[in-house]
There are 2 protein chains.
Amino acid sequence: MQDTSADRRRGRGGGGAARRAARSATAVETAAVITRNIPDFEVLTEEALEIIEWNAETVLEEVGVNFVNNPAALQRWRDAGADVSGERVRLPRGLARKLIQTAPGSFVQHARNPEKSVTIGGRNLVLAPVYGPPFVRDLTGGRRYATIDDFRNFVKLGHMSKWLHHSGGTVCEPTDVPVNKRHLDMIEAHVTLTDKPFMGAVTEPSRARDSVEMCEIVFGKDFVADNCVLTSLININSPLTFDDTMMGALEVYAAAGQACIISPFIVGGAMAPVSVAGTLTQVLAETMAGVAYSQLIRPGAPVIMGAFVTSIDMNSGAPTFGTPEASQVTYGAGQLARRLGLPFRSAGSFCGSKLPDAQAAYETANTLNMGLLSGVNFMLHACGWLEGGLVASYEKFVMDADQLGALHRMAAGVDSGEAAQAMDAIREVGPGGHYLGCAHTQEHFKTAFWRSEVFDYKPYETWSEEGARDTATLAQIRARRLLDTYVPPAIDPAISEALGAYIAGKRASEPDAFS
Amino acid sequence: MQDTSADRRRGRGGGGAARRAARSATAVETAAVITRNIPDFEVLTEEALEIIEWNAETVLEEVGVNFVNNPAALQRWRDAGADVSGERVRLPRGLARKLIQTAPGSFVQHARNPEKSVTIGGRNLVLAPVYGPPFVRDLTGGRRYATIDDFRNFVKLGHMSKWLHHSGGTVCEPTDVPVNKRHLDMIEAHVTLTDKPFMGAVTEPSRARDSVEMCEIVFGKDFVADNCVLTSLININSPLTFDDTMMGALEVYAAAGQACIISPFIVGGAMAPVSVAGTLTQVLAETMAGVAYSQLIRPGAPVIMGAFVTSIDMNSGAPTFGTPEASQVTYGAGQLARRLGLPFRSAGSFCGSKLPDAQAAYETANTLNMGLLSGVNFMLHACGWLEGGLVASYEKFVMDADQLGALHRMAAGVDSGEAAQAMDAIREVGPGGHYLGCAHTQEHFKTAFWRSEVFDYKPYETWSEEGARDTATLAQIRARRLLDTYVPPAIDPAISEALGAYIAGKRASEPDAFS
C-alpha cells in the first residue's frame, strides 16, 4: 500500500487525478463538527467537585510544579506572584484560576478549505485521528516501523473519512525520515493531501517555529497573526513536571496565537495516584498550571485542557484501556473543564489489543461512547489506535472512523417534532399491521437509521458464501478501496511551490539526524 | 464440548465432584446485584416526554390494542371500563396509567440459594444471559442447531460467571428435545446446575403452569404462593397486538404472583414507526396496556416494563444493533419507565455479527454501556448473543460476561473519601516522582482497577510467542476451562428426586411433539 512519489505527483491535479476521480465510487464529504444536542454525563457530585478543586489548589500551593531547564519560565512565574524555589513553582491558592480567565472558552481553528474550519469548545466535538505510533499494522497484516508513505496514507484515509473533522498531527512516526526533518514532511502532507485542519510539531521549539512559518506560506502571514491555524499537543510530564522541550513549543505557539492542547499523559498508579479522585486532583493541578502558563506567554492564547488518563493492569503493569476507571476519570475531567470554562480534550479509539479484534473493539467502543458523553470538545486518537498507541492500524482506522458516524447521530439527540411523532403512521398501520409500506416510513426510511459502511449486515448464508469474512478483513478491503480512489483536494500551485521551496531550504540547512 | 449424561450424574455431588472441586482453579462467586451510584443518562426533554406520554394515551384511546383469541381478556377490559369492539380494546385516556399504579416499583425474585435472590427495580441492575437462539456457535467454531447439552453448558457458564446475577431462561433452544417437553428439561437444568434465579416457560399457558409447579417442588408451595420465584418474558406482538399464547402465560404467572417482563420486540421501521419518538410512543402505549392487563389479573402482581427495540438496515431490511437510534430509544424508554414507577428491562449483548469479532464487540459494547446508563433494572441477553440473536456463542458468552464486570465498577461511581483523595500520595511522590512504590499505591493497588480475565495485556513479543491469539481464541480457552472445572451447587436430594419424578410423570403424560 506504499504509494510512490510518482503516484503522488500524478495525483496532484492533472489528467490522472481527473480520471481517477471520474471512476471513483467513494464520495469525499466531511460532516459538520458535532454539536451536542444531548446532556453531558456527570459522575462527580457537587461535593466531590469542590473537594477535588480545593485539593488541586492545595497541590499547587504546597507541592507545586517543576519547570525544568527553563529560567525564563521561572522568571515569568516569579513576576506573576508565584513562589519559585529552584525549579519548583508554588502557586498561591487562586493564582492559576485567575490567570486562566483570559483563555477563550472556544475558538476557531481555520482549515485551508474554509468550509472545513472547526470551532473547538462549547457543545462541539471535533474528531481527529490517531497520534504518535512508531509502528503500523499494514494492509498485509504485518507489524513494522511506520514510514512517511504510511503517514501519507493515513492522511489520505483521514481526508476521505466523512466523520473526521481534523487531519491530526503525527498520525504515525515516519521513522524513515530524519528526526530533525520529519516535521517538514508531515506538515507538507497535511497541507497538500487534505484540506482539513491539522496540528504542528512539538519535538523542538524550532520545529514549532517551522510549523508556524509553513502555515504563513499556506494561509498568509497576516492571517496567521490574527487567527488560529494550528492546534498542537503539549504533554505534561506527570507528575507535576513541565519540561523545556514541550514548554518551548508551547511558548512558540502561544506567542503566535496558535492553540495548544495542554495535557498530562497518565497511566494511573504510575504517574498519578491509584484512585480516580486522586488522579483527577493531579490532572486538574497540572492542567491549571499549564494553561495558566500559556496565558502568561500571551493572555487570550487559545488552549484546550487535556486529560489522557488510563488504568494499569495490576498483574503486568501494562496500561489498560476502555476500563471503567478510565471512563470515570474522563467524565470527571469533563466536569472540571466545564467549570473552568475551557475546551476539553480526551478519549479516542483506545485499546490494548495487538489485533483489530473483539478486545480492540470493546475497549474502543467503551472509550468512544464515554468520550461523547463526557463532553469532550477535541478528540485526538479518534480512529486507528492499536496496541496501546504503539501501532497505527489501517484496518482499525477505517473501523473506528465508521463508528464515529454513530457518534454524530447519537449527539443529534431525539427529534420530537410532528413528523417524528409519527402519529399518522401509527393510526395508518394499526394493530397487527406492518410499517415498511406506510407513507411515513417511505418518506423517512433513507435517513432514519445510521448504518455502518464496514460491518456485514447480510444473512448468514450470503455472508458464508462470500467467504465468511470478519470485520478486520472487511476493513482491509475498505481501506484499500479508499486509498485506491483517493483524489487530492485542489491547492493553489503557487502555495505548493512556495511550500516546497521552504522545505527544500530547511532540508539543506542542517545535516540529517536520526535520534 | 457436549457433556454426556454420565458426566452430569457424576457431576452432581459425590466423589467425582469433590475431586473436581479440589483441583478447580476457578472460584465460583456471584457479585451482588449492581446498585447504581451514578446518574441516569436522559436524552428526552421534559417537553418531549410529555408529548410522547400524551400521544401514547391518544394511541390507546383512538387506535387501541388487539387481544387476540381471548374472550376472557376482552371481558376483563370491558369490566375495567375500556371500549371493546371485536378484539380491539380502546382505553380511555388515563385508564392504563391508573391500573398500573398497583404494580410494585421493585420486587424480590428469590433464588434457590437465598444469597443469590435479587431485587429488581429502583437503582438496581440485574444481569441475565442470552435468551432464545435456535443455533449455537460451539467451541469447534461451528454453527449448528442448539441441543439440550448446549443449554446445560450455558447454564453452567452462567453459574460460574461472577457478574451474572441470574440464570435466565431459554439460554438456547434445545432443539433435540420435543417442543412440548423442552420446558421440563430447561427448568430442571436451571434448578440443578445453578442456584441463581431463573425464568419460566411462556410457549403455552400449560407450560407456565408446569413452571410454577416445579418451583413449588423446589421452594415449597406456601413460599411460592407468597413470593416471586420466577421472572418470565412476555412478548407483545408489535404493533399493538397481544396474542393468546403470551397472554395465557401472563395470566398464569400474574395470578400466581410471579413476575413477567412485558415487552415489545421491535425492529424499527417494520414493527414501529421509523423514528425514535414514534417508536417510543408505540412502546409506551403497548407496555402500558400490557402492564395494566397484568394488574387486571391480579393487582400488585410484579411486572417489568420491557423494551426490546432495534434499528433496521435500509439497504437489506436486516435488523441492526448497537446503533445510535437503538440507544436513543432505550435511553428514552428508561425515562418513561421511571416516570411510570416501573422496573425497566432493556439492552443486552446485542450484535448482528456472525462471528465474535470486532463488529460483534463494537455493537455489544455500545449496547452494554447504553444499558447501564439508561437505568435498565433487568438486562436479559447480557452475554452470549450473536448474529441478531439467532446464535448463542460460547466464546461471546465469556467475552461479554467479562465486560459485565466493568459495568459493576462503572456503576459504583467515584469515591471522594479521604483515602481516595490520595493527598498524602501526591505529597509523598511530588514532581517527577513515581507512584508505583508509594504507600497509597501499595495499599490500594490490588483493587484499584478492573481488569479483564479474557483480554491479552501482555507485551507484543510475549503475545506473539504465545501464538498471537485473538480474543475469540482466548475466550474459547476460557470457556473450555470453565466447563472443565464446573462443579454443581449443592441441592437437597429430596428436592431433586421429587423434581425428577414430576418431570418423568409429565413426560409420560403426552406424546412428543416437534413443532
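Conventions and cut-offs
Residues numbered from 1 in each chain as written. Chains lettered and ligands numbered in written order. Predicted model: local features only at pLDDT ≥ 70, side-chain atom pairs only at ≥ 80, totals over all residues. Heavy atoms only, no water. Core = buried A, V, L, I, M, F, W, Y, C linked by side-chain atoms within 4.5 Å. Buried < 20%, exposed > 50% of the residue type's maximum accessible area, 1.4 Å probe, protein only. Contact = heavy atoms within 4.5 Å. Helix = DSSP H or I, 4+ residues; strand = E, 2+ residues; numbered from the N terminus. pLDDT = per-residue confidence, 0-100. Phe/Tyr/Trp six-rings, centres within 6.5 Å; stacked < 30°, edge-to-face > 60°. Lys NZ or Arg CZ within 6 Å of the ring centre and 35° of its normal. Buried area = accessible area lost by both parts, 1.4 Å probe. Salt bridge = Lys/Arg side-chain N within 4 Å of Asp/Glu carboxyl O. Polar contact = N/O pair within 3.5 Å; in protein donor to acceptor, adjacent residues only side chain to side chain. Axes fitted to C-alpha atoms, helices over the stretch in contact; angles between N-to-C directions. Parallel < 35°, antiparallel > 145°, perpendicular 65-115°, else oblique. Nonpolar A, V, L, I, M, F, W, Y, C, P; charged D, E, K, R; others polar.

Here we take up the nonpolar core. Side chains that are nonpolar tend, in soluble globular proteins, to be buried together. Counting 357 residues, the largest nonpolar core has A:Phe67, A:Trp77, B:Phe67 and B:Trp77 as its most contacted members. Not counting residues up to four positions away in its chain, the partners in contact with A:Phe67 are A:Ala73, A:Leu74, A:Trp77, A:Glu87, A:Val89, A:Phe242, A:Met247 and A:Tyr293.

Summarising the element assignment, B:Asp185 is placed in helix H7 (residues 182–192). Once residues within four sequence positions are removed from consideration, B:Asp185 is found in contact with B:Ile148, B:Arg152, B:Val177 and B:Arg507.

As a further point, take the confidence of the model for chain A. All names here are of chain A. When pLDDT is averaged along chain A, the result is 94, and 95% of the positions lie at 70 or above. Per-residue pLDDT stays below 50 along residues 1–15; that stretch engages in 25 contacts with residues further than four places along the chain or on separate chains. This stretch, residues 17–26, has a pLDDT under 50; its non-local contacts, to residues over four places away or in other chains, come to 16 contacts. Scored as a complex, the prediction yields pTM 0.95 and ipTM 0.94.

Under the criterion given, the structure shown has 35 aromatic pairs over all chains. Centroid distance A:Phe41 to A:Tyr331: 4.9 Å. Interplanar angle 70°. Geometry classified as edge-to-face. You can see A:Phe41 sitting in the loop between strand E1 (34–35) and helix H3 (46–63) and its partner A:Tyr331 sitting in helix H12 (residues 324–340), a full 290 residues away along the chain. Ring centres 6.0 Å apart and planes at 10° place the aromatic pair A:Phe219 and A:Phe223 in the stacked group. Looking at A:Phe219, the relative accessible area reads 16%, which means it is buried. Since its relative accessible area comes to 31%, A:Phe223 is described here as partly exposed. Taken together, A:Phe265, A:Phe308, A:Phe321, A:Phe350 and A:Trp385 form an aromatic cluster joined through their ring pairs. Its guanidinium or amino end placed over the ring of B:Tyr460, A:Arg143 lies 3.7 Å from that ring's centre, counting from NZ or CZ.

Of the residues lining the interface, 108 residues belong to chain B; the matching set on chain A comes to 108 residues. Regarding the contact of chain B and chain A, the summed buried area is about 9,500 Å², with carbon and sulfur atoms giving 67% of it. When residues of chain B are sorted by the area they lose upon contact with chain A, B:Met314, B:Tyr362 and B:Phe449 head the list and together hold 9% of the total. At the boundary of chain B and chain A, one finds eight salt bridges. Between A:Glu62 and B:Arg427 there is a salt bridge, with its nearest N and O atoms 2.9 Å apart. Summed over the shared surface of chain B and chain A, the result is 46 residue pairs in polar contact (both at pLDDT 80 or more).

Residues and elements named next belong to chain B. Contact pair helix H3 (residues 46–63) / helix H12 (residues 324–340): the axes reach a minimum separation of 11 Å and the direction vectors enclose 75°. Judged on the interaxial angle alone, H12 and H3 are roughly perpendicular. Of the residues in H12, those touching H3 at Glu46, Leu49, Glu50, Ile52 and Glu53 are Gln335, Leu336 and Arg339. The residue makeup of the contact of H3 with H12, split by class, is three nonpolar, one polar and four charged.

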